Amino acid sequence: MTHDNSDDARLAAETASGAGELLLTVRAIESDALTGRELGRRGDHAANTYILERLATARPGDAVLSEESADDPARVGADRVWIIDPLDGSKEYGMPDHVDWAVHIALWEAGRGLTAAAVAQPAIGVVHSTADPVPAPRPARRRPRIVISGSRPPAFVFDLARDLGADLIRMGSAGAKAMAVVRGEADAYIHAGGQWEWDSAAPVAVARAAGLHCARIDGSELEYNRPHPYLPDLVICRADWAPEVMSALAAHATGPTDSPRAAMARAYIRSLVSHDASHVRLAEDAWRVENGERTGDSGIEIRDRLENGPEYRPIRRVRDLQFREWHHSVVARFVLDIAAGPGAETSVAVIEHFDIPAGEIRSIVAIIEPAQGNS
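Quantities reported herein were computed from a predicted structural model and do not represent experimental measurements.

> Please provide a residue-by-residue account of the UniProt feature "domain: DUF8021" (unreviewed entry) in the chain, values included.
Under the UniProt annotation, the feature "domain: DUF8021" (unreviewed entry) is placed at residues 260-368. Structurally, residues 260-368 comprises 23% helix and 50% strand, and the distance from its first C-alpha atom to its last is 25 Å.

> I'd like to hear about the packing of aromatic side chains, residue by residue, with values.
Enumeration according to the criterion identifies four aromatic pairs in this entry. Ring centres 4.8 Å apart and planes at 80° place the aromatic pair Tyr93 and Trp101 in the edge-to-face group. The pair formed by Tyr93 and Trp101 is uniform in burial state, with each residue classed as buried. Each ring, one from Tyr268 and one from Phe354, has its centre 5.4 Å from the other, and the planes form 75°; the classification is edge-to-face.

> How would you explain unusual backbone geometry if you had to name every residue and give the values?
In this model, His275 sits at a positive phi of 60°, which is unusual for a non-glycine residue. Within the secondary structure, His275 is located in the loop between α8 (260-274) and β11 (282-290). On the basis of relative accessible area, His275 is assigned to the buried category, the value being 9%.

> Explain the UniProt feature "binding site: Mg(2+)" (unreviewed entry) in the chain to me, and be specific about the residues and the numbers.
The residues that UniProt annotates with the feature "binding site: Mg(2+)" (unreviewed entry) are Glu67, Asp85, Leu87, Asp88 and Asp199. The greatest C-alpha distance among the residues just named is 9.7 Å, despite their covering 133 residues of sequence, which places them together in space. By the element assignment, Leu87 lies in strand β2 (residues 80-88). Along the chain, Asp88 falls in strand β2. The class of Asp88 is buried, set by a relative accessible area of 5%. Once residues within four sequence positions are removed from consideration, Asp88 is found in contact with Trp101, Ala102, His104, Ser173, Ala174, Gly175 and Asp199.

> Help me get a handle on the sheet that holds strand β9 (residues 213-215), residues and values and all.
Taken together, the five strands give an open sheet; going across it, the order is β7-β6-β8-β10-β9, and neighbouring strands pair in mixed fashion. A single partner strand is all that each edge strand has here, and the edge strands are β7 (167-171) and β9. Recorded for the sheet is a direction-independent mean angle of 20° between the axes of neighbouring strands. Sheet analysis places strand β6 (residues 145-149) next to β7, joined by five bridges and oriented parallel. Bridge pairing in β7 links Ile148 to Arg170. Against the sheet, helix α7 (residues 242-252) touches β8 (188-191), β9 and β10 (234-237), its axis set at about 155° to β10.

> Can you break down the pattern of salt bridges residue by residue, with the values?
One pass over the full model with this rule turns up 35 salt bridges. With a shortest N-O distance of 3.9 Å, Asp240 and Arg138 are connected by a salt bridge. Taken together, the positions of Asp240 in the loop between β10 and α7 and Arg138 in the loop between β5 (126-129) and β6 put the pair 102 residues apart, joining distant regions of the chain. By relative accessible area, which is 62% here, Arg138 ends up exposed. Across the pair Arg288 and Glu352 runs a salt bridge, and its minimum N-O distance is 3.0 Å. Linking Arg288 in strand β11 with Glu352 in strand β15 (residues 345-355), this pair joins segments that are 64 residues apart in sequence.

> Could you give an account of the domain arrangement of the chain, naming the residues involved and the relevant values?
A common way to express how large an interface is: the accessible area buried when the components associate. Examined at the domain level, the chain breaks down into domain 1 (5-129), domain 2 (145-253) and domain 3 (260-370). For domain 2 versus domain 3, the separation of C-alpha centres amounts to 30 Å. Between domain 2 and domain 3, the contact holds eight residues from the first and ten residues from the second. Buried area between domain 2 and domain 3, both sides added, is near 720 Å², and the carbon and sulfur share of it is 67%. Three residues stand out in domain 2 for area buried against domain 3, namely Trp196, His228 and Tyr230, and they jointly supply 70% of the buried area on that side. The tally of links from domain 2 across to domain 3 stands at zero salt bridges. Between domain 2 and domain 3 we count two residue pairs in polar contact (both at pLDDT 80 or more) in total. Here the side of domain 2 that touches domain 3 is composed, by residue class, of five nonpolar, two polar and one charged.

> Tell me what's going on with the sheet that holds strand β4 (residues 113-121), and back it up with residues and numbers.
Here we have five strands laid out as an open sheet, ordered β1-β2-β3-β4-β5, and mixed in their pairing. Strands with a single pairing partner mark the edges of an open sheet, and in this sheet they are β1 (63-66) and β5. On average, each strand axis in the sheet is inclined to that of its neighbour by 15°, with strand direction left out of account. Across seven bridges, strand β3 (residues 102-109) lies against β4 in antiparallel orientation. Bridge assignment links Leu107 to a residue of β4, and that residue is Ala116.

Thresholds, definitions, all that
- Residues numbered from 1 in each chain as written.
- Predicted model: local features only at pLDDT ≥ 70, side-chain atom pairs only at ≥ 80, totals over all residues.
- Heavy atoms only, no water.
- UniProt positions renumbered as here; feature names shortened; annotations may be inferred.
- Helix = DSSP H or I, 4+ residues; strand = E, 2+ residues; numbered from the N terminus.
- Phe/Tyr/Trp six-rings, centres within 6.5 Å; stacked < 30°, edge-to-face > 60°.
- Buried < 20%, exposed > 50% of the residue type's maximum accessible area, 1.4 Å probe, protein only.
- Contact = heavy atoms within 4.5 Å.
- Pairing = 2+ DSSP bridges.
- Axes fitted to C-alpha atoms, helices over the stretch in contact; angles between N-to-C directions.
- Salt bridge = Lys/Arg side-chain N within 4 Å of Asp/Glu carboxyl O.
- Domains from an automatic or database assignment.
- Buried area = accessible area lost by both parts, 1.4 Å probe.
- Polar contact = N/O pair within 3.5 Å; in protein donor to acceptor, adjacent residues only side chain to side chain.
- Nonpolar A, V, L, I, M, F, W, Y, C, P; charged D, E, K, R; others polar.

Pasting the structure below:
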């Protein structure tokens, strides 16, 4: 069954709006009882359930790629795939008075790419959609503004801003940053710290409909519905400013980027220190073995131990991290510095083998031993 893209865009906008209203309700009711992270997860789950049910009713034959659902590899061969982030900026959602969070809903079609999308920003009562696009304004300001990640800005962006004579603005949520450019509140959004397809699909579709320039930071196309839904970087900017921005990026954004599998392994390793496994992609039946001992029999159990396991609490830092990759496998070698009492640390050397056949980590096998110089 075929659908008119205007109907798809209206469905995206109505669904994003409804999910946004639900998120506002959850935030109002639960904010006193739940911590910031728990509130974000409650909102994520509620919005994801709402969106999936709405799409299943309205478009029962379509596939879905959602941040909050297990990835079905069959979507890669589907004609129509909805790419959704039920709550982009869950950290900001869990923080009182923050408005920089969003709902992303986009439709990808085989042979056509992104064809319909909506980004809702419920906290400011705005929904941007491809159903009724408005050309992005070209504000006249003395210094252009570039929005960047509040937590992981690209290292090169400070030199780039200096060369462009631009001011940097930190903000949460990829959708909030992209929509700031759509509304003319900023002139560009640049990211190179690693993202997933659901982070950018809807914002990119809406930005393109508004006449903005959207690309990878090396100038290549942004591609969606890939087997591994990892898109490490992007730039969204005013079309008239694009040549200058892309030239500056070519000079400054020269570092290597992770492959999709290495990015999944890196997210896991980061969580050893942060104790936040929100961005760790684990299969439901994932398992982990450490020095021959089973330490996890499901994705839920592994994620819970990363966040709450007492064995991870003393970890202070990860260093000397190196990746080797072939076929489905990623091997990470690194050193963990661990608190060993007041003012004391010890170190262990870790070899961690990740099996990542598709868009999630299936298994982890770890070998841990004292680092050189430790007895």
